[in-house]
Amino acid sequence: MAKRSALLWPMGFCMDNDLQEPNKMSHSELTQRVAHPVDRVAAALVDICFVSVLFTLTFAPFQKQLLIYELTEREEMFVLYSVFALMALIAVGLVYQFAFTFFKGATPGKLLFGLRVVDFWNGENPPVGHSALRSIVWWIDCGLLFIPHLAILSHRHRRAMHDRLADTVVVSVKGRYSQGGSTTEALMAKSLTALVGGVTAAIFVSIGFQFFSNYGEGRTLFEALNQNDWSCQEVTKAERKWPTTESRLAIALTLHGASLIDDECLDKESRLAIKDKSEEGLAYLSRAFVTSGNADLSDSYLEKACELNSSSEACFFSKLVFMWTERKWNQATDGFVEILENSSVFVKVWAVKHFERIHDYETEITLLDELWQYRPLHNFVNSHKVAAYWGQQKTEEARVAFQTVLPSLSEDEQIGLSGWFCYQELKNKCSKEVLRDCQPFKQFVAEQGSLLEGDLFALAHINYNECAHGESVDYLTLTEEMASFSAIELVYSARMIKEGNLTEAQKSLYSILESTSKKDLIHQEAAERLVDSMTNASELDEFVKEWKSGDSKSWGWTFIGRKVFEKYLALNKKEDALEIGRVLFEVDYHNKRLKQELAILNYDIGNKSDAWDLIKEKPSGRLPASQKRFEKIKSHLYREFGEK
């Protein structure tokens, strides 16, 4: 086989004319021209600089994505991209060593110092297999804390593990040779090996000590090694990032309330607390959440929490749970107001849900701002800010919050939030901006048609098509896409309204109301569309009689009542609208928007004292244009009643 040409000499080195090229040397001559360790160390440092630059360039595309996944708590994607990044770095390192060794006989660092990697027996450049093996073992040696590299100080031919396995030797082509390791060098190699080994052993001992101290003497080694079977890893991760000192169980309750861990995770933490006899009140409260599917058992746990300590936070919260169960929203609100100032984080998380339920969005926003310092709760905070801003009619703020939080959520969470937001936007108005905000949801529907089996997603899909296509909407295709009979009936009624057949449409809508639960979204949508289809007050009056007899504690009842209120206003029936508004306000007295509308209605009708009773506060400063009329009325009432 023809020999490859000798190495191109590095620029700047003056070579002896009588010096032979390595591939023209015999085996005995090669062993006399082994490279000096100092040159090899210097060459390695130069190579490290080159490889560091290549590593930086290779890692750059992964760095931004890893940072996003770290900040958004998407651990599975962070791990996946970390593996990809590590594989890319390993590939770069291997290619660097292999390519230069095989094609040039030396890496750039060795070129600079006049060194050459050659076959130990014939002086030729190493063949492809030996070059690849040498590169792989070289990096493995690095992974072993460079200990195998220390053989160049003691081996008689200065051959480390990678040279011996690949049948190679590093020789000098500039005349600086080394004739094997001295006793001093061998002693130095042993000392460095002992030092590195000792430091490594100390690190492992420290980790082991911390491991056993964390789990205490009361647990067996088997239990400690199988932590996943005894505690929840999600709580462990959150605990490391928790800014305040709270127990694991309190953190677990917080994460569970924010829907960031499941019942199984809280179950593990509550069992550990009961076993260790620590925080038994919170432990039994946790058991109540875990066993919520069994009402009697769950209630017994709530009662147990109060039996242990009737003045504890766990007992107080247990009472709040009973209030929710009995739909005593006003009492629950008073309870939260009493406890919130000095409450635990998990109480504030549940308070966010409560105040969102009763439409007190201002209090909800205040609580969400307080929770922002807890990094594991960021997705919970941002998701609920979308709903809170929307409830306050701060549309732009809601859109910004929605667009900010959506990429950081899991796919299931993205589907839920994008569907909800699209549904809310389309109920508010139809515009190009709204259709743009609905694109994430539309993409999910295109990929997963089964999503339309859910009422919310089906309604969002129907409303999207009606908004996007207007009069040309294809109701027949929409009917084929619907999964439930009530959704098909809803599309049919929409088609009848489009064709001007209001009698048939109303008949279909009444059929939906009779066949569905008042808690269903399809039921609410049918009621809204029925109200919209009514052209005179007498039709609406008949519908209101049935509405008033409904369950005033259900969300749907309030929602439909709101639609009736707006319809009476559209028909210029202000007295009737005021009556409906008062009924709604008795249930939803925290709703500031409704309060303002009732104040305006009373003022327009001439009930100025009633309007004043709803306000009784000094006029605010600068407010959005949408509230200018309210502020004008407010100022007038304050001058008339407030200064008496």
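Everything here concerns the structure above.
Residues numbered from 1 in each chain as written. Predicted model: local features only at pLDDT ≥ 70, side-chain atom pairs only at ≥ 80, totals over all residues. Heavy atoms only, no water.

Side note on the pairing of strand S2 (residues 168–172)
Burial analysis of S2 places five of its five residues in the buried class, the great majority of the element. Every second residue of S2 is oriented toward a common face, with Thr168, Val170 and Ser172 on one face and Val169 and Val171 on the other, all of them buried. (Buried < 20%, exposed > 50% of the residue type's maximum accessible area, 1.4 Å probe, protein only. Helix = DSSP H or I, 4+ residues; strand = E, 2+ residues; numbered from the N terminus.)

Topic: the pattern of salt bridges
Scanning all chains against the criterion turns up 27 salt bridges. As a salt-bridge pair, Asp532 and Lys563 come within 3.5 Å of each other at their nearest N and O atoms. One end of the pair, Asp532, is in helix H27 (residues 521–533); the other, Lys563, is in helix H29 (residues 555–570), with 31 residues separating them in the sequence. A salt bridge links Lys574 to Asp604; the nearest nitrogen and oxygen atoms lie 4.0 Å apart. A residue pair is termed long-range when its members are at least 10 positions apart, and Lys574 in helix H30 (residues 574–587) and Asp604 in helix H31 (residues 592–605) qualify at 30 residues. Note on Lys574: relative accessible area 30%, which makes it partly exposed. For Asp604, a relative accessible area of 33% gives the class partly exposed. Linked by salt bridges that have partners in common, Glu396, Arg399, Glu425, Glu433, Arg436 and Asp437 make up one network. (Salt bridge = Lys/Arg side-chain N within 4 Å of Asp/Glu carboxyl O.)

Comments concerning the nonpolar core
Grouped together as the largest cluster of nonpolar side chains are 63 residues, with contacts concentrated most on Leu490, Phe543, Trp547, Val564 and Ile580. It is helix H23 (residues 455–469) that contributes the most residues to this core, eight residues altogether. Each residue touching Val564, except ones within four places of it in the same chain, is listed here: Val531, Leu540, Phe543, Val544 and Ile580. Cys265, Ala314, Trp350 and Phe380 belong to the second-largest nonpolar core, a separate cluster that totals 52 residues. (Core = buried A, V, L, I, M, F, W, Y, C linked by side-chain atoms within 4.5 Å. Contact = heavy atoms within 4.5 Å.)

Some remarks on unusual backbone geometry
At Ser259, a residue that is not glycine, the phi angle is positive and equals roughly 60°. Structurally, Ser259 can be placed in the loop between helix H10 (248–257) and helix H11 (263–275). Of note in the backbone geometry, Gln393 takes a positive phi value of approximately 65° without being a glycine. With respect to the helices and strands, Gln393 occurs in the loop between helix H18 (378–391) and helix H19 (395–405).

Quick word on the state of the cysteines
Per the counting criterion, the structure on display carries four disulfides. One disulfide bridge connects Cys232 with Cys265, the sulfur atoms lying 1.6 Å from each other. Between Cys232 and Cys265 the sulfur-sulfur dihedral comes to about -105°; the bridge is accordingly left-handed. In this pair, Cys232 is assigned in the loop between helix H8 (221–225) and helix H9 (233–241) and Cys265 in helix H11, connecting sequence segments 33 residues apart. Comparing Cys232 with Cys265, the two get one shared label, buried. Each sulfur of the disulfide joining Cys422 and Cys438 lies 2.1 Å from the other. Looking down the S-S bond of the Cys422 and Cys438 bridge, the torsion is 100°, so its handedness is right-handed. Placement of Cys422 in helix H20 (residues 411–428) and of Cys438 in the loop between helix H21 (432–437) and helix H22 (439–447) is noted, with a sequence separation of 16 residues between them. You can call Cys422 buried: its relative accessible area is 1%. Judged by relative accessible area, Cys438 falls into the buried class, the value being 0%. Cysteine pairing for the protein (bonded cysteines numbered in sequence order): 1-2, 3-4, 5-7, 6-8. (Disulfide = S-S within 2.5 Å.)

Things to note about the side chain of Gln506
Position of Gln506 among the secondary structure elements: in helix H26 (residues 502–515). Excluding anything up to four places from it in sequence, Gln506 contacts Leu530, Ser533, Met534 and Glu539.

A few points about the pairing of strand S1 (residues 115–119)
The element S1 is largely enclosed, with a buried count of five among its five residues. Inspection of the sheet shows S1 paired to S2 by five bridges, in the antiparallel sense. Among the inter-strand pairings, Asp119 is bridged to a residue of S2, identified as Thr168. (Pairing = 2+ DSSP bridges.)

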